[in-house]
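Commentary on secondary and tertiary structure
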Amino acid sequence: MVKVSADSTCDLSSEIIDQFNIAIVPLYIIRDGKDMKDGLEIEPKDIYEYVEQHGELLKTAAPSVADYAELFRRQTEDGSEAIHFTISSDMSSSFQNAAIAAESFDNVRVYDSRNLSSGMGHLVYEAALMARAGLNCGEIAARLDELTPLVETSFVVDRLDYLYKGGRCSALAALGANMLSLKPCIEVKEGKMGVAHKYRGSFDKAVTAYVRDRLDDRDDIVWERCFITHSGCSSATVEKVRRCVEEHGRFAQVIVTNAGCTVSNHCGPNTLGILFIRKSA
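Residues numbered from 1 in each chain as written. Predicted model: local features only at pLDDT ≥ 70, side-chain atom pairs only at ≥ 80, totals over all residues. Heavy atoms only, no water.

The next subject is the overall build of the protein. When its secondary structure is counted, the protein shows 11 helices and 14 strands. Taking 2.2 N^0.38 as the reference for a compact globule, 281 residues should give roughly 19 Å; the C-alpha atoms of the protein span a radius of gyration of 19 Å, in line with that estimate. Counting only C-alpha atoms, the protein reaches 60 × 50 × 30 Å along its principal axes. Buried residues in the protein amount to 56% of all 281 residues. Total accessible area on the protein stands at roughly 12800 Å², and carbon and sulfur atoms take up 47% of it. Considering the protein, the positive charge centre built from 31 side chains and the negative charge centre built from 41 side chains are found 5 Å apart. (Helix = DSSP H or I, 4+ residues; strand = E, 2+ residues; numbered from the N terminus. Rg over C-alpha atoms; globule rule 2.2 N^0.38 Å. Buried < 20%, exposed > 50% of the residue type's maximum accessible area, 1.4 Å probe, protein only. Areas by Shrake-Rupley, 256 points an atom, 1.4 Å probe, with all protein chains shown as cover. Lys, Arg positive; Asp, Glu negative; His and termini not counted. Charge placed at Lys NZ, Arg CZ, Asp CG, Glu CD.)

Now the structure itself:
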């Protein structure tokens, strides 16, 4: 038996987590010198309120080696194998800390998702399905190695002040984008984030154009599952995007999830992405 676990950065819904009994290790959000557990002791709305009041971002921190060791002990104490997923090792020290903790266990595998948010969540979901089908850790990891480069993760950001405050964009770029009403599309490739496109106009106009660009005239998409993951978007905007996804895509399952504190702290409110898997070449 293989037990599946993941960092809180996978941004999976509580329904999916409960369905597959996925154990979650929260990252930390540091507020006023206090470490607070992502999703347990602090929510994205708390971050937005803090930024509005204080004009500065909160800090984030990876789970400690001890945090991971405690999880791995619980996961394997009945003799089970365990596979744990972390956010891309290029974005956090989570993978490094988890790998150090795993050295004390013979039946734990730590998997670098090379991704974030529900792009990482796709891999966790697939691993849970494989574990349920009876595959062992080695077999799951081998299949994931083929699948990981095929996960397409992107999202549109409304406000650049969070990226600027976090040192991920220059003041000049933020000012220029605001003056021109530009909404950048951020894409994850090879474990790193970069700007893929810039949309002009309102956020709703940008995200609907983004969905069309991502889905139209594509014959390389696995139409099984799509995540719409957002941070602080209105229900009207999310519903508009859902209708657009259904109009331009053919997904059997469209799952809406909320981005957790880690993604929200770096990207701010009104961030939204559609995340899916491509077919292998």
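Mapped onto the elements, His230 comes out in strand β12 (residues 221-231). Classification of His230 by relative accessible area gives buried; the value is 9%. There is a polar contact of 3.3 Å between the side chain of His230 and the backbone nitrogen of Cys233. Among residues more than four places away in sequence, those in contact with His230 are Val238, Val256, Thr257, Asn258, Ala259, Thr271 and Leu272. (Polar contact = N/O pair within 3.5 Å; in protein donor to acceptor, adjacent residues only side chain to side chain. Contact = heavy atoms within 4.5 Å.)

Turning our attention to the packing of aromatic side chains. One pass over the full model with this rule turns up six aromatic pairs. Residues Phe20 and Tyr125 carry aromatic rings whose centres are separated by 5.2 Å and whose planes lie at 65° to one another, so their mutual orientation is edge-to-face. Separated by 105 residues along the polypeptide, Phe20 in helix α1 (residues 14-20) and Tyr125 in helix α5 (residues 117-132) bring together distant segments of the chain. Tyr125 shares its class with Phe20; the two are buried. Arranged with centres 6.1 Å apart and planes meeting at 25°, the rings of Tyr68 and Phe72 form a pair that is stacked. (Phe/Tyr/Trp six-rings, centres within 6.5 Å; stacked < 30°, edge-to-face > 60°.)

Bringing the layout of surface pockets into the picture now. Estimated volume of the largest pocket: approximately 540 Å³. Looking at the largest pocket, it is lined by 25 residues, and the ones nearest its centre are Leu12, Gly39, Glu43, Asn258 and Gly260. Among the elements of the structure, α1, α2 (44-54), β12 and β13 (253-258) are those that each provide at least two residues to the lining of the largest pocket. When residues of the lining of the largest pocket are assigned to their parent elements, the largest contribution, three residues, is made by α2. Here the lining of the largest pocket is built from residues that sort into 11 nonpolar, 10 polar and four charged. (1 Å grid on protein atoms, 1.4 Å probe; cavity = no way out; pocket = protein on both sides within 12 Å on 5 of 7 lines; lining within 4 Å. Points joined across faces, edges and corners; volume = space filled by probe spheres on them. Nonpolar A, V, L, I, M, F, W, Y, C, P; charged D, E, K, R; others polar.)

To continue, consider the nonpolar core. Grouped together as the largest cluster of nonpolar side chains are 41 residues, with contacts concentrated most on Ile83, Phe85, Val124, Ile140 and Leu144. No other element matches the eight residues that α5 contributes to this core. The next biggest cluster of nonpolar side chains, apart from the first, holds 24 residues, and it includes Cys185, Tyr210, Leu272 and Ile274. (Core = buried A, V, L, I, M, F, W, Y, C linked by side-chain atoms within 4.5 Å.)

Time to look at empty space enclosed by the protein. The final tally for this structure, using the stated rule, is one cavity of 30 Å³ or more. Its boundaries defined by the atoms lining it, the largest cavity holds a volume of some 90 Å³. Lining the largest cavity are 13 residues, with Ser117, Phe155, Thr229, Val263 and Thr271 sitting closest to its centre. Of all the elements in the fold, those that place two or more residues in the lining of the largest cavity are β12 and β14 (271-278). Broken down by element, the lining of the largest cavity gets its largest block of residues, four residues, from β14.

Further remarks concern the pattern of salt bridges. A complete count under the given rule lists 20 salt bridges for this structure. A salt bridge links Glu77 to Arg73; its shortest N-O distance comes to 3.1 Å. A relative accessible area of 57% places Glu77 in the exposed class. When its relative accessible area of 37% is taken as the criterion, Arg73 is described as partly exposed. (Salt bridge = Lys/Arg side-chain N within 4 Å of Asp/Glu carboxyl O.)

The interhelical angle for the contact between α5 and helix α6 (residues 137-147), taken along N-to-C directions, is 145°, at an axis separation of 10 Å. Note that α5 runs across α6; the crossing there is right-handed. Contact residues: Leu123, Glu126, Ala127, Met130 and Ala131 in α5; Ile140, Arg143, Leu144 and Leu147 in α6. (Axes fitted to C-alpha atoms, helices over the stretch in contact; angles between N-to-C directions. Left-handed = near helix turned anticlockwise from the far one by under 90°.)

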